[in-house]
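# Analysis of the macromolecular model
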Amino acid sequence: MNDSLIRSAAFAEINRRVQICGTSLPWEEIIRTFRIGEEEVYITNRARGIFKPKQMQRGILSVKSTFPRSGRPRRYVDDRLGESLFYSLQGDDPLGHDNRRLKEAFDDQTPFIYFFGVSAARYEVLWPAYVLRWLPNELKIEIRVADNIADDSDSSVVREDTRRYGSRHVQQRLHQAAFREMVLDAYDGRCSLTGFPVRTLLHAAHIYPDGHRNGFAAVTNGIALSALHHLAYDGKLIGIDPDGRVEVSERILSQKDGPMLEGGLKALHRQLMRFPRDSDFRPDRDALAFRFEEFRAAI
């Protein structure tokens, strides 16, 4: 069994899991082995951030950055997301055991999977990733994600403007993933309007829009909504006043159709949303008022 075969099989397996669970995978989906012939192969493990399964001869299969535990949900997206995507080496010796594997991945320009922690038990999955720069004096590497860099996935030389575009794209994706997990955790993984509990079908809706001057990535500027209700909220078909009371637009109330319209949208009219149990994570009243005025103006 050669290393290329293991990488290809691991990429196919992780793609299968992402298709089922979304790009932010729970830990229990990551830690499961997969089979290549008669062999059980791990993609990562609990103990090591830099991982090579026993069946591989050289380089790495994955790296993992764990979300820092604080004992309670966050209020803001943390500041780990800088201009570039960096990963710290293990310990003080740049050629220590695990770091030497990273150096091999850099020398060979072999791809790997990057599991980036966005909550205590969930990881955004980035692949195929490459070591773009080996920085032993700074005890870190710079990572690029090839699917965001057009026509250059097999080259170690990346144009600076293309690298920056790819980096911004990845940073935006990680930022949105972290915001989503933060908001869904605050709402216990349920839609705030219906209690719908299927996490893969839930969104973190911004109250102040993402580009607004007050559109901070804070849990108080987010509401957990199902995909349907997020679209209705952004489309000003439903509004939520500062007290959390839902109003449904006359454009919806005047229509007559099946149970989805009646029970899924019209039945919400004048109902109270479900707030997070922790009062610190409740939606900001000023933000709700701002968005509710926009809703009323569209009626």
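Note: the structure precedes this text.
This report concerns the structure included in the present document. (Residues numbered from 1 in each chain as written. Predicted model: local features only at pLDDT ≥ 70, side-chain atom pairs only at ≥ 80, totals over all residues. Heavy atoms only, no water.)

### Some details on the overall build of the protein
Assigned secondary structure in the protein consists of 8 helices and 13 strands. The buried share of the protein, taken over its 299 residues, is 50%. Carbon and sulfur atoms provide 50% of the accessible area of the protein, an area that totals close to 14900 Å². (Helix = DSSP H or I, 4+ residues; strand = E, 2+ residues; numbered from the N terminus. Buried < 20%, exposed > 50% of the residue type's maximum accessible area, 1.4 Å probe, protein only. Areas by Shrake-Rupley, 256 points an atom, 1.4 Å probe, with all protein chains shown as cover.)

### Observations concerning helix 1 (residues 3-21)
Between its first and last C-alpha atoms helix 1 spans 27 Å; for 19 residues at 1.5 Å apiece the expected length is 27 Å, and the two agree. Residues of helix 1 that are buried in the fold lie against strand 1 (24-26), helix 2 (27-30), strand 2 (34-36), strand 3 (39-41), strand 7 (112-119) and strand 8 (122-135). One side-chain oxygen of the residue at the start of helix 1 lies 3.2 Å from the amide nitrogen of Ser4, identifying that residue as Asn2. (Expected span 1.5 Å × (residues − 1). Contact = heavy atoms within 4.5 Å. Polar contact = N/O pair within 3.5 Å; in protein donor to acceptor, adjacent residues only side chain to side chain.)

### Structural notes on the side chain of Asn99
Tracing the backbone through its elements, the reader meets Asn99 in helix 3 (residues 97-108). Exposure remark for Asn99: the relative accessible area of 1% places this residue in the buried category. Within the structure, the side chain of Asn99 is placed 2.7 Å from the backbone oxygen of Asp93, a separation counted as a polar contact. Asn99 has contacts with Ile50, Leu89, Gln90, Asp93, Pro94 and Trp134, leaving out every residue within four places of it along the chain.

### Considerations on the side chain of Glu247
Along the chain, the position of Glu247 falls in strand 13 (residues 246-248). Here the side chain of Glu247 touches Arg270 through a polar contact of 3.3 Å, side chain to side chain. Among residues more than four places away in sequence, those in contact with Glu247 are Leu237, Ile238, Gly239, His269, Arg270, Phe292, Phe295 and Arg296.

### Here we look at the pattern of salt bridges
Scanning the entire structure with this criterion turns up 22 salt bridges. A salt bridge links Arg58 to Glu104, with the shortest nitrogen-to-oxygen separation between them at 3.7 Å. Of this pair, Arg58 sits in the loop between strand 4 (50-51) and strand 5 (62-65) while Glu104 sits in helix 3, and the two are 46 residues apart along the sequence. What makes Arg58 partly exposed here is its relative accessible area of 35%. Given the relative accessible area of 13%, Glu104 is considered buried. In this structure, a network of salt bridges that share partners links the residues Arg122, Arg180, Glu181, Asp185 and Arg199. (Salt bridge = Lys/Arg side-chain N within 4 Å of Asp/Glu carboxyl O.)

### Let's talk about unusual backbone geometry
In most cases, non-glycine residues show a negative phi, while peptide bonds are predominantly trans. For the bond running from Trp127 to Pro128, omega is -10°, close enough to zero to count as cis. With respect to the helices and strands, Pro128 occurs in strand 8. Its identity as a non-glycine residue notwithstanding, Asp188 has a phi of 55°, on the positive side. Note on placement: Asp188 falls in the loop between helix 4 (160-186) and strand 10 (202-206). Residue classification places Asp188 among the partly exposed residues on the basis of a relative accessible area of 40%.

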